[in-house]
Amino acid sequence: MSAETPVQSAGTFTRLRRRFREWRGSRPFWAGLFTILGGVPIAYFPYATLKLGTMSLTMATTAGAGSLIIGVLLITLGLTMWFQHATRVFAGVAAIILALVSLVVSNIGGFLIGFLCALFGGALAVSWAPGKAEGADGGRHKPGRGPAGEGAVEPASQGAGDEPVPPQTPYETGDGGPANDVRPEARNGGYRVG
């Protein structure tokens, strides 16, 4: 082994981690994961056999096939959210509806574990929106964006003589109006008191 082997493997791991992070950020990853995690207990519990010493408990019900179908559909919807993220709203609504149906059909929605995970995943899928790519400005603040209204700091504008105009507080008009006649003691944090 050479001295470069650990550095090369660390670089490979870092590169793969960054690629996964980029892939995860471009789609509703957590919505798909929660939906898949919701489908597993819904499909598993009706067919599970629990052994307690010599006693075995089987939770198989007449709705076992319905539970299996709901669980497989939830897993499929979770994978759809990952790989076809354009259909995320449909997949999210379908996951929410299947989670609600699983309450009745499959052991209270996989003992509420599958129900809550699928419901949360569906809600995340419906609410997810793709991010906008940053432009050439490198993420710098654009003057037209940000808070507006009373109390917001506005950028200093240039006058006709190219001299910077100092920023004004919300009650200073700069024209000698009534706001300049108020005593400094009568102001409280930028707001008039009297």
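Residues numbered from 1 in each chain as written. Predicted model: local features only at pLDDT ≥ 70, side-chain atom pairs only at ≥ 80, totals over all residues. Heavy atoms only, no water.

### Quick look at the UniProt feature "transmembrane region" (unreviewed entry) in the protein chain
Which entries qualify depends on this criterion: UniProt positions are given in the numbering used here, feature names are shortened, and annotations may be inferred rather than shown by experiment. Runs of E in the DSSP output that reach at least two residues are strands. Runs of H or I that reach at least four are helices, and both are numbered from the N terminus.
Listed under "transmembrane region" (unreviewed entry) in the UniProt record, and renumbered for this structure, are residues 28-47, 59-82 and 89-105. Regarding residues 28-47, the helix share stands at 80% and the strand share at 0%, and the terminal C-alpha atoms are separated by 30 Å. For residues 89-105, helix accounts for 100% and strand for 0%, while the C-alpha atoms at its two ends are 24 Å apart.

### Thoughts on the packing of aromatic side chains
To keep things clear, this is the line we draw: We call Phe, Tyr and Trp rings a pair once their centres come within 6.5 Å, taking the six-membered ring for Trp, and we label the pair stacked below 30 degrees between planes, edge-to-face above 60, and tilted otherwise. Think of it in three bands: residues with accessible area under 20% of the maximum for their type are buried, residues over 50% are exposed, and the middle band is partly exposed, with areas taken using a 1.4 Å probe on protein chains only.
Here the structure, examined in full by the defined rule, presents 11 aromatic pairs. On the basis of an interplanar angle of 70° and a centroid distance of 6.0 Å, the ring pair of Trp23 and Trp82 is categorised as edge-to-face. You can see Trp23 sitting in helix 1 (residues 5-25) and its partner Trp82 sitting in helix 3 (residues 64-83), a full 59 residues away along the chain. Residue Trp23 is classed as partly exposed on the basis of its relative accessible area of 26%. The buried category is assigned to Trp82, whose relative accessible area is 13%. Relative to Phe45, the ring of Tyr44 has its centre 5.9 Å away and its plane inclined at 55°; by these criteria the two rings are tilted. A residue is classified by how much of its surface remains accessible, and Phe45, at 19% relative accessible area, is buried.

### Notes on the nonpolar core
We apply this condition: Nonpolar cores are built from buried Ala, Val, Leu, Ile, Met, Phe, Trp, Tyr and Cys residues. Side-chain atoms within 4.5 Å join them into one set. Contact between two residues is taken to exist if any of their heavy atoms lie within 4.5 Å; hydrogens are not considered.
Formed by 14 residues in total, the largest nonpolar core has its most connected members in Ile70, Leu74, Leu77, Met81, Ala95 and Leu98. Mapped onto this core, the elements with two or more residues apiece are helix 2 (29-44), helix 3, helix 4 (88-105) and helix 6 (113-127). Considering every element that reaches this core, the biggest residue donor is helix 4, with five residues. Not counting residues within four places of it along the chain, the set of residues in contact with Ala95 comprises Thr35, Leu74, Leu77, Met81, Ala118 and Gly122.

### Comments concerning the environment of Ser67
Relative to the elements of secondary structure, Ser67 occurs in helix 3. Of the residues examined, Ser67 reaches a relative accessible area of 0% and is grouped as buried. Placed 39 residues apart in sequence, Ser67 and Ser106 show a C-alpha to C-alpha distance of 5.0 Å. Not counting residues within four places of it along the chain, the set of residues in contact with Ser67 comprises Ile42, Ala43, Pro46, Val105 and Ser106.

### Notes on the environment of Gly110
With respect to the helices, strands and loops of the structure, Gly110 is situated in helix 5 (residues 107-111). C-alpha separation for the pair Gly110 and Tyr44, spaced 66 residues apart in sequence, amounts to 8.0 Å. In contact with Gly110, other than residues within four places in its own chain, are Pro41, Ile42 and Phe45.

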